[in-house]
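Report on the structure
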Amino acid sequence: APRSYTGLSSTVSQQSSLSMLPTNSNEDRSFYPFPNAESSSNLRLDAKPPQSNEEVADGSADLRQLLGVKGAAGTEDIWKIRLQLTKPVTWIPLVWGVMCGAAASGNYHWIWNPFDPNDRNVMLGLEDTAKGFVAMILAGPFLTGYTQTINDWYDREIDAINEPYRPIPSGAISEGQVIFQIWFLLLGGLGIAYGLDVWAGHDFPTVLALSIFGSWVSYIYSAPPLKLKQNGWAGNYALGCSYISLPWWCGQAVFGELDRPVYFVLPILYSIAGLGIAIVNDFKSVEGDRQLGLNSLPVAFGIDGAKYICAGSVTLTQLGVAAYLYSIGESTYAAVLLGLLLPQIYFQATLLLPDPVANDVKYQAQSQPFFVFGILATALCLGHHDFTA
């Protein structure tokens with residue numbers, strides 16, 4: 001059964017252990033640039049949750065808690081709560097993006113490649129496997145975990161009204177513990193990024209620069225005054241870029257070079273498609289967004305207008321990528337990409353366009369696998385293409 005939540009404990013007791021963190025001298029109890037609840041609002045963060053968090057009854061409640069998704073069980077284990085804040089279910093696209101970047105580099109070595117007798121250097125393959133794993137840890141648990149934690153921190157006042165059982169507004173984790181987690185994941189991620197640059201022998205710390213940029217985008221996405229998530233175009237593109245372009249560039253930088261415009265153009269195109277995918281998540285919250293003054297695309301253009309923006313951005317960008325692959329002589333990969341696009345168009349016609357509100361989850365579940373394998377196919381094409389010919 002869901003546990004009972006108590007109010008937030010005072011941050012005063014947290015200050016001794018957090019005194020090494022940057023602070024705003026004008027706020028005795030704030031951790032710059034993350035103000036505490038008292039300094040940012042008079043809204044109490046000790047909201048009592050409903051008797052039930054609508055915990056699912058299919059036996060997956062504990063797993064849902066660890067993954068950070070709805071229907072989760074309650075827990076008093078602080079480490080499980082910390083993990084829940086990082087929403088591990090959202091790490092998957094970033095890990096996939098790193099893998100695509102490694103493929104696009106054309107320089108990732110298998111431990112023992114069954115398809116290429118020249119790629120069977122076990123030690124080199126083990127080293128590349130280790131590099132790839134560390135890059136995935138950077139993109140997933142650390143920087144995505146940072147992004148999700150800081151997003152929950154800046155949403156704590158809305159969550160105290162709409163979802164008071166979430167870890168921060170319920171008091172399951174104290175303010176000081178949340179701030180410590182934000183700084184730990186951010187600084188730890190930047191440290192890992194610099195370590196990957198050293199490991200890869202970079203003269204310029206490319207991975208670190210990408211990580212700093214991505215962390216900054218995450219901050220302005222959630223935090224005022226910019227708070228990109230309040231604007232449909234900027235917020236959704238920031239999501240698309242963060243989930244597709246940045247991990248791709250990270251993976252490619254670890255194993256190769258970002259030395260051609262195409263390595264930037266194609267991930268950016270896929271990020272535009274990611275903007276369309278992000279719109280799907282806004283359909284069900286259109287009324288709440290309108291009341292809260294959030295200018296999501298379904299609010300700005302209406303559900304009918306937004307669903308065509310969604311379908312168009314997803315379809316046209318992939319057609320553009322396929323056309324480019326065909327133009328450089330990679331007709332097989334272009335055909336594969338078109339083959340993966342056709343099911344997406346079918347699901348748009350049968351699920352998204354008829355009723356995007358009722359079919360949002362079903363559309364995402366059935367369409368996205370074809371989309372992400374299209375990204376991988378594109379990356380493999382770039383990795384195998386000879387640009388010097």
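Right, let's walk through the structure included here. (Residues numbered from 1 in each chain as written. Predicted model: local features only at pLDDT ≥ 70, side-chain atom pairs only at ≥ 80, totals over all residues. Heavy atoms only, no water.)

Here we look at the pattern of salt bridges
One side chain can pair with another of opposite charge once the charged atoms of both are near each other. So the rule is basically this: Any Lys or Arg side-chain nitrogen located within 4 Å of an Asp or Glu carboxyl oxygen qualifies as a salt bridge. Secondary structure is summarised from DSSP: a helix means a run of H or I of at least four residues, a strand means a run of E of at least two, and numbering begins at the N terminus for each. Using a 1.4 Å probe on the protein chains alone, a residue whose accessible area is under 20% of its type maximum counts as buried, one over 50% counts as exposed, and one in between counts as partly exposed.
In total, this model carries 7 salt bridges according to the counting rule given. Salt-bridge contacts for Asp 152 lead to Arg 166; the nearest nitrogen and oxygen are separated by 2.8 Å. With Asp 152 in helix 6 (residues 122-154) and Arg 166 in the loop between helix 7 (156-162) and helix 8 (167-170), this residue pair connects regions lying 14 residues apart in the sequence. Its relative accessible area of 6% is what places Asp 152 among the buried residues. Where Asp 159 meets Arg 166, a salt bridge forms, and the shortest distance between an N and an O atom there is 3.5 Å. Judged by its relative accessible area of 8%, Asp 159 falls in the buried class. In this structure Arg 166 comes out as buried when scored by relative accessible area, which is 16%. When salt bridges that share partners are traced, they join Lys 87, Asp 152, Asp 159 and Arg 166 into one network.

Digging into the layout of surface pockets
Formally: For cavity detection a 1 Å grid was placed over the protein atoms alone, and a set of points counts as a cavity when a 1.4 Å probe fits there but cannot get out; an open set counts as a pocket when protein lies on both sides within 12 Å along at least five of seven lines, with lining residues being those that have an atom within 4 Å of a point. Grid points are joined across faces, edges and corners, and a volume is the space filled by probe spheres set on the points. Basically, the charged four are Asp, Glu, Lys and Arg, the nonpolar ten are Ala, Val, Leu, Ile, Met, Phe, Trp, Tyr, Cys and Pro, and anything else, Gly included, counts as polar.
Considered as a void within the structure, the second largest pocket measures approximately 520 Å³ in volume. What lines the second largest pocket is a set of 22 residues, among which Ala 102, Ala 103, Tyr 108, Trp 110 and Leu 380 lie closest to the centre. Listed by contribution, the elements that provide at least two residues to the lining of the second largest pocket are helix 5 (91-105), helix 6 and helix 16 (360-384). Ranked by the residues each element gives to the lining of the second largest pocket, the list is headed by helix 6, at 5 residues. By residue class, the composition of the lining of the second largest pocket is 11 nonpolar, 8 polar and 3 charged.

Topic: empty space enclosed by the protein
Where empty space is left becomes clear once a probe the size of a water molecule has been rolled over the atoms. Across all of its chains, the model carries 2 cavities of 30 Å³ or more by this definition. One number sums up the size of the second largest cavity: a volume of about 40 Å³. Together, Ile 277, Val 314, Gln 344, Tyr 363, Gln 364, Ser 367, Gln 368 and Phe 371 line the second largest cavity. Considering each element in turn, the lining of the second largest cavity owes the most residues, 5 residues, to helix 16.

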